[in-house]
Amino acid sequence: MHLFVVTTGDDRHDALAFVRNLWNTCGEMLGMTVPVEGTGTGLELGDGWDTCLPGAAGSADVRGTRGLLAARKRPGPGVWQAALRREHDVLCLSVMLAPDAADGLGWAELDAQWSGVVRASRNTQRHEAGVLGSARLYLARLAEPDPLPPPNGFSAVPSAAPEGPLTAYVRTHAPTADDAWTGWPYAGVVVPLGFAVWETSASQDARDERRLLVVAAHDRDPELTAWVWTTRTRALPPLGKYLLHAAKLRYQLRVWASAEGIGRLRAATDRVVGDVLEKTDASHRGASRHSELLDASRALVDLQARERGLVDRSTRSREMSRTVEIAAANLEALSGDPDLDGLFADDRALSEWFIQRLDDDVTYLEAALRRCTQVGALADQLVQRSLQRRQETVNLGLTGAIGAILMSLAAVQSLQYTVPLPGSVKPAVVAALGALALVASLVVLRVVVPERRWSLAMLRLGAGALGGTVAWIAASALGGGTLGPGWTWLCAAAGTAVALAAAAAGSGRGDRGGGA
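Because the structure is a prediction, the values reported are computed rather than measured.

Strand order in the open sheet made by the nine strands is 2-3-4-5-1-6-9-8-7, with mixed pairing throughout. Edge positions in the sheet fall to strand 2 (34-35) and strand 7 (189-190), since each has one partner strand and no second. As defined by bridge partners, strand 8 (residues 196-199) adjoins strand 9 (residues 209-216) across four bridges and the pair is classed as antiparallel. If you follow Trp 198 over to strand 9, its bridge partner there is Leu 213. Here helix 4 (residues 221-228) sits on the sheet in contact with strand 1 (2-6), strand 6 (131-141), strand 8 and strand 9, set at roughly 175 degrees to strand 6.

Structure follows, in structure tokens:
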């Protein structure tokens with residue numbers, strides 16, 4: 001059995017916890033309680049489990065690290081061993097269950113034992129988070145050459161012929177997934193080393209567990225061990241490396257399938273782009289409100305930049321495409337023959353299809369992203385033009401109003417005209433002129449940033465201040481200086497409240513009618 005988990009990404013801690021549980025359960029349930037001699041490792045990781053993760057204290061740069069980390073076994077006859085290896089950024093747990101012949105345990109019993117270990121190790125709902133995939137290998141060697149020639153007996157060399165006796169035996173005796181033989185498109189295959197290999201997994205492309213049956217000739221046990229279990233250097237064997245890259249391929253397929261569909265994202269893009277184009281066309285004719293154009297432009301930017309938006313999906317699709325290409329190249333190199341049939345042809349066909357599909361996704365996403373960028377630039381230009389026109393209009397009006405006030409004040413001063421104002425009214429008039437100047441500047445600010453709520457709040461406060469000073473003028477003029485401070489403040493407060501209510505009502509009508 002080979003299990004592969006990630007050591008990077010958001011799920012690395014859950015993946016490491018699952019492997020640690022499996023490792024400990026191998027000792028508790030399978031009796032693997034002593035280290036394997038001659039491996040240079042112990043029963044546990046010397047520096048702790050956290051050192052398996054990059055960035056942890058005492059951890060190595062896993063991108064250039066591979067090798068055996070720990071090994072354990074069960075004392076006694078047979079081979080009951082577990083090995084923990086690191087293969088760059090992947091942690092690999094390999095387990096061998098090879099009982100002594102006298103124990104009378106077959107594939108079905110051993111498969112049930114390992115299933116029990118896996119169930120006992122699932123102590124969280126996220127036990128499979130970060131698991132790239134796993135593979136169960138059912139190994140066998142042919143007995144001594146049968147005195148009866150085929151088809152009555154097995155030959156000395158494994159054969160994967162569809163109608164051969166070995167294939168028939170595999171179909172009836174190998175533990176399989178529920179739908180392994182229903183519609184499974186590929187038969188067994190004999191690899192260049194002479195081993196017959198069948199896959200008895202479920203036939204879904206995104207399967208995370210694979211089941212392989214490997215049969216060797218009666219005298220090829222060392223070669224079989226080196227191909228499926230361990231090499232002389234204790235490294236991950238060739239078939240284990242092949243299954244690792246196949247697991248990466250199918251893990252990327254599961255990630256891709258769980259993400260938001262490219263079609264839905266493109267449809268959302270087309271809707272927003274169409275809305276922006278409609279608003280820009282109406283803006284040319286003068287029929288589109290500034291706020292509508294601004295809202296459409298914001299939606300376009302959000303579509304490009306949000307977590308699952310165009311920019312994110314485009315870059316992630318490129319990264320995924322490169323990852324799949326690397327996995328496919330490694331699969332071809334490790335298969336030993338680029339034309340092998342069986343499970344190797346299945347992996348090859350999946351990688352070719354997936355690479356092409358990701359390339360198509362990237363092409364469509366980048367086209368949609370360019371469309372968003374170009375339409376967004378046009379919308380930004382129109383928004384800026386609209387803002388400039390509105391600002392120029394307001395500036396012109398304010399310049400005329402302020403010019404008229406200044407002209408009047410200059411005329412009063414040059415003609416030495418004295419405005420007949422009671423002394424009690426003069427402070428209120430000065431305050432009202434200051435409030436009017438403040439409101440004028442706040443109107444310009446509101447025009448420049450109409451989308452900001454604080455600019456509207458500031459304008460309403462300015463209007464309230466102006467209303468309060470006008471009420472102060474009225475109270476001072478009508479009272480003739482006889483009103484006390486209390487009544488003056490009360491009138492100013494009433495004027496402020498009326499002005500605030502009027503400003504709120506006016507801005508509400510403006511938002512519903514002609515925009516901010």
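Here the narrative resumes, following the displayed structure.
Time to look at helix 11 (residues 453-479). With 27 residues, helix 11 extends 39 Å between its outermost C-alpha atoms, agreeing within 8% with the 39 Å of an ideal straight helix rising 1.5 Å per residue. Those residues of helix 11 not exposed but buried are Ser 455, Leu 456, Leu 459, Gly 462, Gly 464, Gly 467, Gly 468, Thr 469, Ala 471, Ala 475, Ser 476 and Gly 479.

What follows deals with the packing of helix 4 against helix 5 (residues 238-258). One way to put it is that helix 4 packs onto helix 5 with a least axis distance of 4 Å and a crossing angle of 30 degrees. By the criterion of interaxial angle, the relationship of helix 4 to helix 5 is roughly parallel. Touching Ala 226, Trp 227 and Val 228 of helix 4 are Pro 238, Leu 239 and Gly 240, all from helix 5. Split by residue class, the contact of helix 4 with helix 5 holds five nonpolar, one polar and no charged.

What follows covers the layout of surface pockets. Sizing a probe to match a water molecule and rolling it over the atoms shows the empty space that remains. Space inside the second largest pocket adds up to approximately 940 Å³. Lining the second largest pocket are 25 residues, with Tyr 251, Gln 252, Val 255, Arg 316 and Met 320 positioned closest to its centre. Counting only elements with at least two residues in the lining of the second largest pocket, the list comes to helix 5 and helix 8 (310-335). Examining the composition of the lining of the second largest pocket, we find that seven residues originate from one element, helix 8, more than from any other.

Let's shift gears to the side chain of Arg 210. Among the secondary structure elements, Arg 210 is positioned in strand 9. In this structure the side chain of Arg 210 is engaged in a polar contact, spanning 2.9 Å, whose partner is the side chain of Glu 199. Among all residues touching Arg 210, those that are not within four sequence positions of it are Ser 134, Ala 135, Arg 136, Glu 199, Ser 201, Ala 246, Arg 250, Leu 343, Asp 346 and Asp 347.

Before going further, it helps to spend a moment on unusual backbone geometry. For His 88, which is not glycine, the phi dihedral falls at a positive 60 degrees. Relative to the elements of secondary structure, His 88 occurs in the loop between strand 4 (79-87) and strand 5 (90-98).

With that settled, the discussion passes to the pattern of salt bridges. All told, the structure shown has 18 salt bridges when counted by the stated rule. Between Asp 111 and Arg 136 there is a salt bridge; the shortest N-O distance is 2.8 Å. In this pair, Asp 111 sits in helix 2 (residues 107-121) while Arg 136 sits in strand 6, placing the two residues 25 residues apart along the sequence. Overall, the relative accessible area of 13% leaves Asp 111 in the buried class.

Of all hydrophobic cores here, the largest spans 71 residues; its most connected members are Leu 3, Phe 4, Val 95 and Trp 114. Of the residues forming this core, the biggest block, nine residues, is contributed by helix 5. With residues up to four places along the chain from it excluded, the contact list for Val 95 reads Met 1, Cys 26, Met 32, Gln 81, Ala 82, Trp 114 and Trp 229.

Taken as a whole and judged by the stated rule, the model has one cavity of 30 Å³ or more. Estimated volume of the largest cavity: approximately 60 Å³. Lining the largest cavity are 13 residues; nearest its centre among them are Gly 133, Ser 134, Asp 208, Arg 210 and Ala 247. Considering each element in turn, the lining of the largest cavity owes the most residues, five residues, to helix 5. The class makeup of the residues in the lining of the largest cavity is six nonpolar, two polar and five charged.

Now for the packing of aromatic side chains. As enumerated under the stated definition, the model contains six aromatic pairs in all. With 6.4 Å between their ring centres and 65 degrees between their planes, Trp 107 and Tyr 138 make a pair best called edge-to-face. Linking Trp 107 in helix 2 with Tyr 138 in strand 6, this pair joins segments that are 31 residues apart in sequence. Across the pair, Tyr 138 and Trp 107 agree in class, each one buried. Centroid distance Trp 256 to Phe 354: 5.6 Å. Interplanar angle 65 degrees. Geometry classified as edge-to-face. In this pair, Trp 256 sits in helix 5 while Phe 354 sits in helix 9 (residues 343-414), placing the two residues 98 residues apart along the sequence. Of the two residues examined, Trp 256 and Phe 354, each falls in the buried class.

On to a nonpolar patch on the surface, then. A contiguous nonpolar surface patch, about 510 Å² in accessible area, is contributed by Ile 402, Ile 405, Leu 406, Leu 409, Leu 433 and Leu 436. Of all elements in the fold, only helix 9 and helix 10 (426-448) reach the threshold of two or more residues within the nonpolar patch. In terms of residues, the nonpolar patch owes the most to one element, helix 9, which gives four residues. Turning to its location among the elements, Leu 433 is positioned in helix 10.

Cut-offs applied
- The residue numbering used here restarts from 1 in each chain and proceeds along that chain's sequence as written.
- Only residues with pLDDT of 70 or above have their local features reported here, since the model is predicted, and side-chain atom pairs are shown and tallied only from 80 upward, although totals for entire chains, interfaces and linings are computed over all residues.
- Calculation of side-chain values draws on the structure's entire complement of heavy atoms; hydrogens and water are dropped beforehand.
- Paired strands, in this sense, are two strands between which DSSP finds at least two bridges.
- Numbering of helices and strands runs from the N terminus, with a helix taken as a DSSP run of H or I at least four residues long and a strand as a DSSP run of E at least two residues long.
- Contacts: residue pairs with any heavy atoms within 4.5 Å of one another.
- Simply put, an axis is a line fit to the C-alpha atoms, just over the touching stretch for a helix, and the angle between two N-to-C directions goes from 0 to 180 degrees.
- A helix is expected to reach a length of 1.5 Å times the quantity of its residues less one.
- Three labels apply to residues, based on accessible area from a 1.4 Å probe with only protein chains included: buried if under 20% of the type maximum, exposed if over 50%, partly exposed otherwise in between.
- Here is the rule for angles: anything less than 35 degrees is roughly parallel, anything more than 145 is roughly antiparallel, 65 through 115 is roughly perpendicular, and the remaining ranges are oblique.
- Gly counts as polar in this scheme, as do all residues outside two lists: the nonpolar Ala, Val, Leu, Ile, Met, Phe, Trp, Tyr, Cys and Pro, and the charged Asp, Glu, Lys and Arg.
- Lining residues are defined by having an atom within 4 Å of a point belonging to a cavity or pocket. Those points lie on a 1 Å grid over the protein atoms alone, cavities being sets where a 1.4 Å probe fits but cannot get out and pockets being open sets with protein on both sides within 12 Å along at least five of seven lines.
- Grid points are joined across faces, edges and corners, and a volume is the space filled by probe spheres set on the points.
- As used in this structure description, the phrase polar contact means that two N or O atoms lie within 3.5 Å; if the pair is within protein, one of them must be able to donate a hydrogen and the other to accept it, and residues adjacent in sequence are counted only when both atoms belong to side chains.
- What makes a salt bridge here is a side-chain nitrogen of Lys or Arg within 4 Å of a carboxyl oxygen of Asp or Glu, nothing more.
- Only buried residues count toward a nonpolar core, which is a set of Ala, Val, Leu, Ile, Met, Phe, Trp, Tyr and Cys residues joined through side-chain atoms within 4.5 Å.
- Each Phe, Tyr or Trp ring (for Trp, its six-membered ring) is paired with any other whose centre lies within 6.5 Å, and the angle between the two planes then decides the class: stacked below 30 degrees, edge-to-face above 60, tilted in between.
- Residues enter a patch when their relative accessible area is above 30% and they make no salt bridge; the linking distance is 9 Å between like charges and 5 Å between nonpolar side chains (Val, Leu, Ile, Met, Phe, Trp, Tyr).
- Methods summary: accessible areas were calculated by the Shrake-Rupley approach with a probe of 1.4 Å, and residue burial reflects only the protein chains presented.

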